[in-house]
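A look at the structure
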Amino acid sequence: MSYQFTVSPDFTPDHLSGWYIFNTWLQHQTDNAIHLEMYNDFHDQRVAIQKNNVDLIYANPFDAAMLVREKGFKPLVKSLGISDEAIVAVNADNHVEDVAHLKPGIKVAVTEAPDVHMMGMIMLEPADLDASNVEMVASDTYVLVAKHLLKNEADVGIFLAEAYDDLSNMIKKQLRILVRSQISVIHHSLMIGPRLLDQREKIQNILVQMANDEKGKGVLDSLGFTEWQVVNDEEMEFMIDLMDTLTM
Amino acid sequence: MLHDMKAEDIVGDFTEVTLKLYGGLSREVLFTEIETPYPDGKLIVSTTDTKGIITHVNRSFVEMAGYEESELIGAPHSILRHPDMPPAAFKDLWDTVSKGLKWQGFVKNLRKDGGYYWVKATVIPNVRNGEVMGYTSVRRKPSRTKVEECIKLYPTLF
Ligand SMILES: Cc1cc2nc3c(=O)[nH]c(=O)nc-3n(C[C@H](O)[C@H](O)[C@H](O)COP(=O)(O)O)c2cc1C
């Protein structure tokens, strides 16, 4: 039997080859035939999940509730020390100093990443802004979010903090951060579906040991990670509850 | 256990009142007019058992409440109860979450040093294997307009 592995479509493009290398490594280590399927967007990925095609997923925290509560997935691991944080930034020439001074009707550049979008919108709430009184400027990448700000096609940009930090200095010099989230408990997780659940402990152990092995360390490097850390059921439930409060 | 507030912990001029809490409890609270602004970008998180006893707090909670974590764990959540908060708000909170639903509202909280801070709170039941094990509250920064509305509204709810 062959299993399907997929990765949240908001991974950084630099790490695309890393995920293929990781998948090959995982197949060797676990003795499973695993096919890595990369979906174009969250919509296509969710359709595949609904059809029960997915067995292993590096999931966006936003999808964790659906995966656990509707599809019987369980958490395996997360990348040590990495959490999803959002940044709200403006063009450096913008005279707004505080989120609270932003006005209804502004244009907000966002990517499709649902957790970052949610955190960013929460950081706009102190200005009484929500989906009903801002105009979204959909952007395929964070570089494009930045470009919308530079060209004044958007007033505010919502970034994954890591992606913002990775922008070139040239771009960053022309932008200004209004708020950076410090939430630290929202993170992507590698999760395992019902067909593989009997191997959960075995796979979890293999992943946690990965950083101790030279080859494994190299594979982690190619993903931009240092080490996998176990996510237990309660930790996942806690994150799901937290996300639940934030979507209200 | 919920101790009375102590004058030596208070920063600034204060007023003293006796708060009547759930279950016949009462507490001497000392409060000032000093507001601590909500920190941008942070969430203040706590979890209680089914009776409202605190079981978990995050670092932002500790920073904003001004108590040590060890003083908070095991204390009733009314340790933050400010005398300006109308009892009806908390009755609504408990009525809502005990039905298994989410509650959202604006809350003025009392710090250990007598000061206060406003939050927008969302409380959710923690359901594990079909059973409510406790409740989690996640607070975010409220808008000033919403806080001003509450400052007008809450005194009318006593
Ligand atoms: C998860 C959770 C979080 C709560 N957070 C607060 C809080 O931050 N401040 C507060 O005054 N009451 C909070 N409450 C409500 C208190 O339990 C309590 O009802 C309230 O302080 C009023 O006290 P009383 O019920 O003893 O009259 C919370 C309740 C729950 C279940």
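Just so it is clear, the structure is predicted and the values come from calculations on it, not from any experiment. (Residues numbered from 1 in each chain as written. Chains lettered and ligands numbered in written order. Predicted model: local features only at pLDDT ≥ 70, side-chain atom pairs only at ≥ 80, totals over all residues. Heavy atoms only, no water.)

1. Quick look at the domain arrangement of chain A
Residues and elements named next belong to chain A.
- On domain assignment, one finds that chain A holds domain 1 (2-82 + 185-246) and domain 2 (86-180).
- Spacing between the C-alpha centres of domain 1 and domain 2 amounts to 28 Å.
- Taken together, the 13 residues of domain 1 in the interface contact eight residues of domain 2.
- Between domain 1 and domain 2, roughly 890 Å² of surface is buried when both sides are summed, and carbon and sulfur atoms account for 72% of that area.
- Summed over the three residues of domain 1 that lose the most area to domain 2, namely Phe-42, Phe-62 and Leu-246, the buried surface amounts to 41% of that side.
- Where domain 1 meets domain 2, there are zero salt bridges. (Domains from an automatic or database assignment. Contact = heavy atoms within 4.5 Å. Buried area = accessible area lost by both parts, 1.4 Å probe. Salt bridge = Lys/Arg side-chain N within 4 Å of Asp/Glu carboxyl O.)

2. Looking at the site of the ligand
Residue and element names in this part refer to chain B.
- Near the ligand you find 15 residues, and of these Tyr-22, His-77, Trp-94, Asn-109 and Arg-139 are the closest.
- The separation between an oxygen atom of the ligand and a polar main-chain atom of Tyr-22 is 2.7 Å.
- Residue Arg-139 places a side-chain N or O atom 3.1 Å away from a nitrogen atom belonging to the ligand.
- Listed by contribution, the elements that provide at least two residues to the shell around the ligand are α3 (87-97) and β7 (131-140).
- When grouped by side-chain class, the residues that make up the shell around the ligand number seven nonpolar, six polar and two charged. (Near = heavy atom within 4 Å. Polar contact = N/O pair within 3.5 Å; in protein donor to acceptor, adjacent residues only side chain to side chain. Helix = DSSP H or I, 4+ residues; strand = E, 2+ residues; numbered from the N terminus. Nonpolar A, V, L, I, M, F, W, Y, C, P; charged D, E, K, R; others polar.)

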